[in-house]
Amino acid sequence: MDLFSNVEPTHQTYATGLVYLRGFALNNAPTLLADLNQVIAVAPLRSMMTPMGYPMSVATTSCGSLGWVGDAKGYGYSHVDPQSLLPWPAMPESFLQLAENAAETAGFKDFCPDACLINQYHIGTKMGLHRDKDERDFTQPIVSVSLGIPARFQFGGNKRSDKPIQILLNHGDVVVWGGASRMYYHGIMTVQANTHPILGNKRINLTFRKAG
Ligand code: MD3
Ligand code: FE
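Quick caveat: nothing in here was measured; it's all calculated off a predicted structure.

Peer 1: When you look at the nonpolar core in this model, what are you seeing that I'm missing?
Peer 2: The tendency in soluble globular proteins is for nonpolar side chains to be buried side by side. Membership of the largest hydrophobic core comes to 29 residues, with the highest contact counts inside it found for Phe95, Val145, Leu206 and Phe208. For Leu206, the contacting residues outside a window of four places in its chain are Leu36, Phe95, Cys116, Leu117, Ile118, Val143, Ser144, Val145 and Leu147. Membership of the second largest hydrophobic core comes to 28 residues, among which are Ala43, Val69, Trp88 and Val191.

Encoded structure:
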């Protein structure tokens, strides 16, 4: 068995409200990736500027009625892509179906995401420890889908100083972040050299949010 093939699907619920669905998106991955290509043809991946004055190493774009944007002034959600000044591409049906299905499996019946943030990691990129607080309603979960080469995910607590644990996120893994875990500090460690049979040396992460 290679690193990317599925093991027994494991559904694991943690006290913090985090539900880990190993391999939940494996069968949908080819469709998700085909639909992703349509999205990035309209709204290309790009490195957003940070208020710290340097661009993110991770390239991002969005689909859905709202998209996550960053510039020298800060972060937030916008109805238009600041690069094209056009609305973000619609969320593909395959994305919506998977996100709703995962949320329901995790116990969130009426999850209705209006934003999907797409992050692309090349080898050597990372995402520093942060919390997601630009959304309106923190009782809504966030659903994340990992595709491509694996990455070590860091997961802390309510304080930046809380010691993080690490979780390996593989191709096809889905995590639903509800309850207290929704506001926990988290990040992605520097992505290590690897290749994935479909995505090559990249990792793609989709995060579904109810932002507005
Ligand atoms: C826990 N993305 O986009 S996915 C992000 O792999 C982000 O691209 C990482 O953190 C990535 O904000 C991690 C897992 C994830 C996403 C959002 C969360 C975990 C989360 C929001 C709240 C708590
Ligand atoms: Fe985050």
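Peer 1: So what exactly am I meant to see when it comes to the pattern of salt bridges here?
Peer 2: Opposite charge on two side chains allows them to pair when their charged atoms are near. For the coordinates displayed, the defined rule picks out 7 salt bridges. Here Asp81 and Arg46 are joined by a salt bridge, their closest N and O atoms 2.8 Å apart. Placement of Asp81 in the loop between β5 (74–78) and α2 (93–105) and of Arg46 in the loop between α1 (29–42) and β3 (59–64) is noted, with a sequence separation of 35 residues between them. Summarising the burial analysis for this pair, Asp81 and Arg46 share the class buried. Notably, a salt bridge pairs Glu135 with Arg182, separated by 2.8 Å at the nearest N-O pair. Here Glu135, found in the loop between β7 (127–130) and β8 (142–148), pairs with Arg182, found in the loop between β11 (174–177) and β12 (186–188); they are 47 residues apart in sequence, far enough to count as distant. Neither Glu135 nor Arg182 differs from the other in exposure class; each is buried.

Peer 1: Hey, could you run me through the sheet that holds β7 in this one?
Peer 2: Two strands in a sheet stick together by hydrogen bonds in their backbones, pointing the same way (parallel) or opposite ways (antiparallel). One open sheet accounts for 4 strands, arranged β7-β12-β9-β10; its pairing is antiparallel. Where the open sheet ends on each side, the last strands, each with one partner, are β7 and β10 (165–169). Within the sheet, the average angular offset between the axes of one strand and its neighbour, ignoring direction, is 20 degrees. Sheet topology places strand β9 (residues 151–155) next to β10; 5 bridges connect them, and they run antiparallel. The residue of β10 that forms the bridge with Arg152 is Leu168.

Peer 1: Looking at this structure, how should I read the side chain of Arg203?
Peer 2: With respect to the element layout, Arg203 can be found in strand β13 (residues 202–209). No salt bridge forms around the buried Arg203; measuring N to O, its nearest opposite-charge neighbour Asp173 is 8.3 Å away. At 2.9 Å, the side chain of Arg203 forms a polar contact with the side chain of Ser146.

Peer 1: What is the right way to read α2 from this model?
Peer 2: Side chains of residues three or four places apart in an α-helix project in the same direction, reflecting 3.6 residues per turn. Along its 13 residues, α2 runs 18 Å from first to last C-alpha, staying within 8% of the 18 Å computed at 1.5 Å per residue. Among all positions of α2, only Ser94, Phe95, Leu98, Ala99, Ala102 and Ala103 are buried. Summarising the axial view, the buried residues of α2 lie within an arc of 155 degrees, below the 170-degree limit, and thus occupy one face. With its phi angle positive at about 100 degrees, Gly107 sits one or two positions after the end of α2.

Peer 1: What exactly am I supposed to notice about the site of ligand 1 here?
Peer 2: Lining the immediate surroundings of ligand 1 are 18 residues, of which Asn119, Tyr121, Asp132, His186 and Arg203 lie closest. Side-chain polar atom of Asn205 to an oxygen atom of ligand 1: 3.4 Å apart, as the coordinates give it. When isolated, ligand 1 has an accessible area of 490 Å², and the protein chains bury 98% of it. Counting only elements with at least two residues in the shell around ligand 1, the list comes to β6 (115–122), β7, β8, β12 and β13. No other element matches the 4 residues that β13 contributes to the shell around ligand 1. Residues that form the shell around ligand 1 fall into these classes: 7 nonpolar, 7 polar and 4 charged.

Conventions and cut-offs
Residues numbered from 1 in each chain as written. Chains lettered and ligands numbered in written order. Predicted model: local features only at pLDDT ≥ 70, side-chain atom pairs only at ≥ 80, totals over all residues. Heavy atoms only, no water. Core = buried A, V, L, I, M, F, W, Y, C linked by side-chain atoms within 4.5 Å. Buried < 20%, exposed > 50% of the residue type's maximum accessible area, 1.4 Å probe, protein only. Contact = heavy atoms within 4.5 Å. Salt bridge = Lys/Arg side-chain N within 4 Å of Asp/Glu carboxyl O. Helix = DSSP H or I, 4+ residues; strand = E, 2+ residues; numbered from the N terminus. Pairing = 2+ DSSP bridges. Axes fitted to C-alpha atoms, helices over the stretch in contact; angles between N-to-C directions. Lys, Arg positive; Asp, Glu negative; His and termini not counted. Polar contact = N/O pair within 3.5 Å; in protein donor to acceptor, adjacent residues only side chain to side chain. Expected span 1.5 Å × (residues − 1). Arc of directions from axis to C-beta. Near = heavy atom within 4 Å. Areas by Shrake-Rupley, 256 points an atom, 1.4 Å probe, with all protein chains shown as cover. Nonpolar A, V, L, I, M, F, W, Y, C, P; charged D, E, K, R; others polar.

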